[in-house]
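# Structural overview for review
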Amino acid sequence: IADLSLISFLKIIAKITKSRTLIKYQENKELNIRLPNYRVKMGFGLHVGWAIEGAIGSEFKIDASYLSPNVNMASRLEAATKQYGVLLLISGELHKYFSVETQQKCRCIDYVTVKGSKQPVKFYTVDLDTTNFNTQKQQLVSNQERKRIKRRKKQQLNQAFTEGYRASQLFDDDKELRILLECQICLLYTSDAADDLLCVDLGGRRIIKKK
C-alpha cells in the first residue's frame, strides 16, 4: 500500500506533464512574454500517520477537513518542494514502509527539523525527468473508448495483484513511470546550500523556519 501511494503521485506528475490543456498555457505567446519559459508545476508532500476527519462549513456548503500533526507535516513537505526545487518530497516515516525495491528509487536529500516539531525528519525525493515525454498532439480517442481502455487496465491490474504481483514491479512495467525515472541529473543538497530561510543547529541538522 505504501508503494502505491508513491506510484499514484508519480502518475499524477506524468499526467500533468502530458496534459494538452496545460501545455497550451506554456505555448501561449502573451503569457511567455510576461513569464518566460512558463510551465505548470505542482509539488507534493507525502507523509503517513493518523488524522481526525471532520466537517467544516455551513448549511450551504460543507467540506471535509483533516487535522493532526501528520497533516501539518505533509503540508510542510509540500511547501518545501519549492525550496529544494523538486516535485516530490517524502518523509522518512513513510519511506521506511516502502518495499526495498521502492526505497532504492528514492534519494535522501536532507535531515531537518520542521517548524512546530522537535523530532528531526529525513527528506527523500525521487529524481524525475519530465522532459522525456512526447507532448505532441496525439490522436483523439473517444470517451467511450478511453473508459473501455481504463476498465481493461484496471481488470488486468486487479488480476495481477491477486496472483502475487508486487506494486514495485510497476516501476518497470508502467511506460509513464519508466519515462519519468530516466533521469540523468542528480542534484546534491548540503548544509552549505542553506539560504536565509534555513539555519543549522548545533547537532548539524538544518531547521526549516518557514512553514
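Scroll up a little and you will see the structure.
Okay, so let's go over this structure. All of these numbers come straight from a predicted model, not from anything done at the bench.

## Some words on the overall build of the chain
Scanning the chain from terminus to terminus reveals nine helices and eight strands. Taking all 211 residues of the chain together, 30% fall into the buried category. Restricting the contact set of the chain to residue pairs at least 6 apart, pairs at least 24 apart contribute 62%. Of the roughly 14,700 Å² of accessible surface on the chain, 52% is carried by carbon and sulfur atoms.

## Description of the pairing of strand 2 (residues 52-57)
Burial analysis of strand 2 places just zero of its six residues in the buried class, a small minority of the element. Connecting strand 2 to the antiparallel partner strand 3 (residues 62-67) that follows it, the hairpin turn spans four residues.

## With respect to a nonpolar patch on the surface
Among the surface-exposed residues, Trp50, Ile52 and Leu67 lie close enough to one another that they form a single nonpolar patch of about 370 Å² accessible area. The residue Leu67 is located in strand 3 in this model.

## Considering helix 4 (residues 69-84)
Under the 1.5 Å per step criterion, the end-to-end length of helix 4 is 22 Å for 16 residues, consistent within 8% with the ideal 22 Å. Asn70, Met73, Leu77, Ala80, Thr81 and Tyr84 are the residues of helix 4 that are buried. Where helix 4 starts, the residue carrying a side-chain oxygen 3.1 Å from the main-chain nitrogen of Asn70 turns out to be Ser68. Looking one or two residues past helix 4, Gly85 carries a phi angle of roughly 70°, positive in sign.

## Focus on the pattern of salt bridges
The full count for this structure, using the stated rule, is five salt bridges. Among the salt bridges present, the one from Arg20 reaches Glu27, with a minimum N-O distance of 3.9 Å. With a relative accessible area of 49%, Glu27 lands in the partly exposed category. Asp63 is the salt-bridge partner of Lys61, the closest N and O atoms lying 2.5 Å from each other. Asp63 gets classed as partly exposed once you look at its relative accessible area, which sits at 40%.

## Regarding helix 1 (residues 2-18)
The end-to-end C-alpha separation of helix 1 is 25 Å, in line with the 24 Å expected for 17 residues at 1.5 Å each. Of all the residues in helix 1, the buried ones are Ala2, Asp3, Leu6, Ile7, Leu10, Ile13, Ala14, Ile16 and Thr17.

## A short note on the packing of aromatic side chains
According to the stated counting rule, one finds two aromatic pairs in the structure shown. Judged by centre distance (5.8 Å) and plane angle (75°), the ring pair of Tyr84 and Phe123 falls under edge-to-face. Within this pair, whereas Tyr84 is found in helix 4, its partner Phe123 is found in strand 6 (residues 121-125), the two being separated by 39 residues in sequence. Accessibility classification places Tyr84 together with Phe123 in one group, the buried group.

Cut-offs used in this document
Residues numbered from 1 in each chain as written. Predicted model: local features only at pLDDT ≥ 70, side-chain atom pairs only at ≥ 80, totals over all residues. Heavy atoms only, no water. Helix = DSSP H or I, 4+ residues; strand = E, 2+ residues; numbered from the N terminus. Buried < 20%, exposed > 50% of the residue type's maximum accessible area, 1.4 Å probe, protein only. Contact = heavy atoms within 4.5 Å. Areas by Shrake-Rupley, 256 points an atom, 1.4 Å probe, with all protein chains shown as cover. Pairing = 2+ DSSP bridges. Patch = residues over 30% accessible without salt bridge, like charges linked within 9 Å, V, L, I, M, F, W, Y side chains within 5 Å. Salt bridge = Lys/Arg side-chain N within 4 Å of Asp/Glu carboxyl O. Expected span 1.5 Å × (residues − 1). Polar contact = N/O pair within 3.5 Å; in protein donor to acceptor, adjacent residues only side chain to side chain. Phe/Tyr/Trp six-rings, centres within 6.5 Å; stacked < 30°, edge-to-face > 60°.

Geometry only, nothing functional implied.
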